[in-house]
Amino acid sequence: MSSSGNVSVLLLTAKSKVAPKGTEKLDPTMHLPRIELCGALFLSHLFEKVESSLQIIARPFFWTDSTIVVHWLAASPSRWKKFVGNRVAEIQQITASVSGIENTADVECQQWSWWNTRCGGKDPSGCNNLTDFGPVYLVRLVAYMRRFCSNTKKHNQETKRSRLLSTVELENALVNLVKLAQPESFVEDLHSVRTTGQVKSTSKLKALSTVLVNGVLPTRGRLNNATISYAQKQPMILDNKHPFTLLVVWYYHLSHLHAGPTLLIATVRAKFWPLRLRDVVRKVTHECITCFRNRPSFNY
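Residues numbered from 1 in each chain as written. Predicted model: local features only at pLDDT ≥ 70, side-chain atom pairs only at ≥ 80, totals over all residues. Heavy atoms only, no water.

As for the overall build of the chain
Now for step 1: Assigned secondary structure in the chain consists of twelve helices and five strands.
Now for step 2: Residue burial in the chain is summarised as follows: out of 300 residues, 35% are buried.
Now for step 3: Counting only contacts in the chain whose residues sit at least 6 apart along the sequence, the fraction spanning at least 24 positions is 59%.
Now for step 4: Carbon together with sulfur atoms contributes 56% to the accessible area of the chain, which is approximately 19,200 Å² in total. (Helix = DSSP H or I, 4+ residues; strand = E, 2+ residues; numbered from the N terminus. Buried < 20%, exposed > 50% of the residue type's maximum accessible area, 1.4 Å probe, protein only. Contact = heavy atoms within 4.5 Å. Areas by Shrake-Rupley, 256 points an atom, 1.4 Å probe, with all protein chains shown as cover.)

Re helix α9 (residues 243–255)
Now for step 1: Over its 13 residues, α9 extends 18 Å from the first C-alpha to the last, a length consistent with the 18 Å expected when each residue adds 1.5 Å.
Now for step 2: Residues of α9 that are buried: F244, T245, L246, L247, V248, V249, W250, Y252 and H253.
Now for step 3: Just past α9, the residue L257 takes up positive phi, approximately 60°. (Expected span 1.5 Å × (residues − 1).)

Some remarks on the confidence of the model for the chain
In regions of low pLDDT, the predicted coordinates are not meant to be interpreted in detail.
Now for step 1: Chain-level pLDDT for the chain is 77 on average; 80% of the residues reach the 70-or-more range.
Now for step 2: Mean pLDDT across the elements of the chain bottoms out in strand β3 (residues 112–115) (33) and peaks in strand β4 (residues 236–238) (93).
Now for step 3: Low pLDDT, under 50, characterises residues 97–132; the predicted model gives this stretch 71 contacts beyond four residues in sequence or across chains.
Now for step 4: This stretch, residues 296–300, has a pLDDT under 50; its non-local contacts, to residues over four places away or in other chains, come to nine contacts. (pLDDT = per-residue confidence, 0-100.)

Let's talk about helix α3 (residues 67–74)
Now for step 1: Every buried residue belonging to α3 is among V69, V70, W72 and L73, and all of these are buried. End-on view of α3: buried residues confined to an arc of 160°, all on one side of the axis. (Arc of directions from axis to C-beta.)

Quick look at a nonpolar patch on the surface
Now for step 1: A surface patch of nonpolar side chains, amounting to about 310 Å² of accessible area, comprises Y137, L141 and M145.
Now for step 2: As for its placement among the helices and strands, M145 is situated in helix α5 (residues 135–151). (Patch = residues over 30% accessible without salt bridge, like charges linked within 9 Å, V, L, I, M, F, W, Y side chains within 5 Å. Salt bridge = Lys/Arg side-chain N within 4 Å of Asp/Glu carboxyl O.)

Notes on the packing of α9 against helix α11 (residues 277–287)
Now for step 1: Closest axis-to-axis distance for the α9/α11 pair is 10 Å, and the angle between their directions is 55°. Judged on the interaxial angle alone, α11 and α9 are oblique. Classified by chirality, the crossing of α11 by α9 is right-handed. Packed against α9, whose contacting residues are L246, V249, W250 and H253, the element α11 presents L277, V280, V281, K283, V284, T285 and E287 at the interface. (Axes fitted to C-alpha atoms, helices over the stretch in contact; angles between N-to-C directions. Parallel < 35°, antiparallel > 145°, perpendicular 65-115°, else oblique. Left-handed = near helix turned anticlockwise from the far one by under 90°.)

Examining the nonpolar core
Now for step 1: Counting residues in hydrophobic clusters, the biggest one holds 29 residues, and the most contacted among them are V178, F244, V249, L264, V268 and F272.
Now for step 2: Mapped onto this core, the elements with two or more residues apiece are α5, α6 (167–185), β4, α9, α10 (261–268) and α11.
Now for step 3: Here this core takes six residues from α9, the largest share from any one element.
Now for step 4: Contact partners of V249, with chain neighbours within four places excluded, come to L264, V268, L277, V280, V281 and V284.
Now for step 5: Membership of the second largest hydrophobic core comes to eleven residues, among which are L37, A40, L41 and V84. (Core = buried A, V, L, I, M, F, W, Y, C linked by side-chain atoms within 4.5 Å.)

What about the packing of aromatic side chains?
Now for step 1: Here the structure, examined in full by the defined rule, presents three aromatic pairs.
Now for step 2: Judged by centre distance (6.4 Å) and plane angle (80°), the ring pair of F244 and F272 falls under edge-to-face. Residue F244 is located in helix α9, and its partner F272 is located in strand β5 (residues 272–274); the two are separated by 28 residues in the primary sequence. As far as burial versus exposure is concerned, F244 and F272 are alike and both buried.
Now for step 3: In this structure, R87 packs its charged tip against the face of F83, placed 3.7 Å from the ring centre. (Phe/Tyr/Trp six-rings, centres within 6.5 Å; stacked < 30°, edge-to-face > 60°. Lys NZ or Arg CZ within 6 Å of the ring centre and 35° of its normal.)

Quick look at the pattern of salt bridges
Now for step 1: A complete count under the given rule lists six salt bridges for this structure.
Now for step 2: The salt bridge involving R147 is made with E169; its shortest N-O contact spans 2.8 Å. With R147 in helix α5 and E169 in helix α6, the pair connects residues that are 22 residues apart, well separated along the chain.
Now for step 3: Measuring nitrogen to oxygen at the nearest pair gives 2.6 Å for the salt bridge that ties R276 to D279.
Now for step 4: Judged by relative accessible area, which is 30%, D279 ranks as partly exposed.
Now for step 5: When salt bridges with common partners are traced through the structure, they connect R276, D279 and R282 into a single cluster.

Structural notes on the environment of R276
Now for step 1: Within the secondary structure layout, R276 lies in the loop between β5 and α11.
Now for step 2: Here R276 falls in the exposed class, since its relative accessible area comes to 58%.
Now for step 3: In this structure the C-alpha to C-alpha distance between R276 and L238, which are 38 residues apart in sequence, comes to 9.7 Å.

Some thoughts on the packing of α10 against α11
Now for step 1: Two elements in contact, α10 and α11, have axes whose closest approach is 10 Å; the angle formed by their N-to-C orientations is 125°. The orientation of α10 with respect to α11, classified from their angle, is oblique. Every pair of crossing elements has a handedness; the one defined by α10 and α11 is right-handed. Within the contact between the two elements, α10 uses P261, L264, I265 and V268 and α11 uses L277, R278, V281 and T285.
Now for step 2: For the contact of α10 with α11, the per-class residue count stands at six nonpolar, one polar and one charged. (Nonpolar A, V, L, I, M, F, W, Y, C, P; charged D, E, K, R; others polar.)

What follows is the structure in structure tokens.
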């Protein structure tokens, strides 16, 4: 688009590859949807080469006339068998796949598209990938917001903080995020603890013997006399369905070099106590493309 508002469309490059006649007879596994998936991978490689050569900074769109391919791309690679899963994983590394956008180039065929915004430039209306913003980003953001609020108060004008964030500020910001997450999941439990000092007998937190400590619900057990940190003695409770819990598990999975389920559970429980943590860990490890590509023999 020019400065005067005129739009021009140019064809930069094109490439095609013809499947041999009788492919399905020679290889029964190479049916039409798989051939179309190879075409989608072919397109992704072509775009990657053009982008690296011309250094294009724009949001690209990709088009395909195969609904099956779009549904493959919209799901986790671990759901598919080896041939489809490996190619879906490679395409998803280049493009962020979202199905359901109609192709305006051919409405009659009801073609679909998947769009891609790279390097964090996600479209908030269509992208639900929470792992783009980890808990470290959120903790630092909240810490700076708390510092700004503190510095704007009159009685803190002489003690303004402007250097790097301290450990205390980061810990307080983390506690604040947990304080925001818990009321969204444990409304009745928080009300019961504030009024009666304990949760109801029918609560799912009953077995955790939780009490309210500085506005947070931690667990209590037999580790109070152990020579470990306070966070390990009384980890903060999180709901397994809350988005913040998923962020935490993804962060520990990636920061510990794609830790397996056992190590991941032990690492998370050093500070947090998510309910049904094993289910969350299984979801994260199954959706991780890197972990899947290192174990391609698993069929789902």
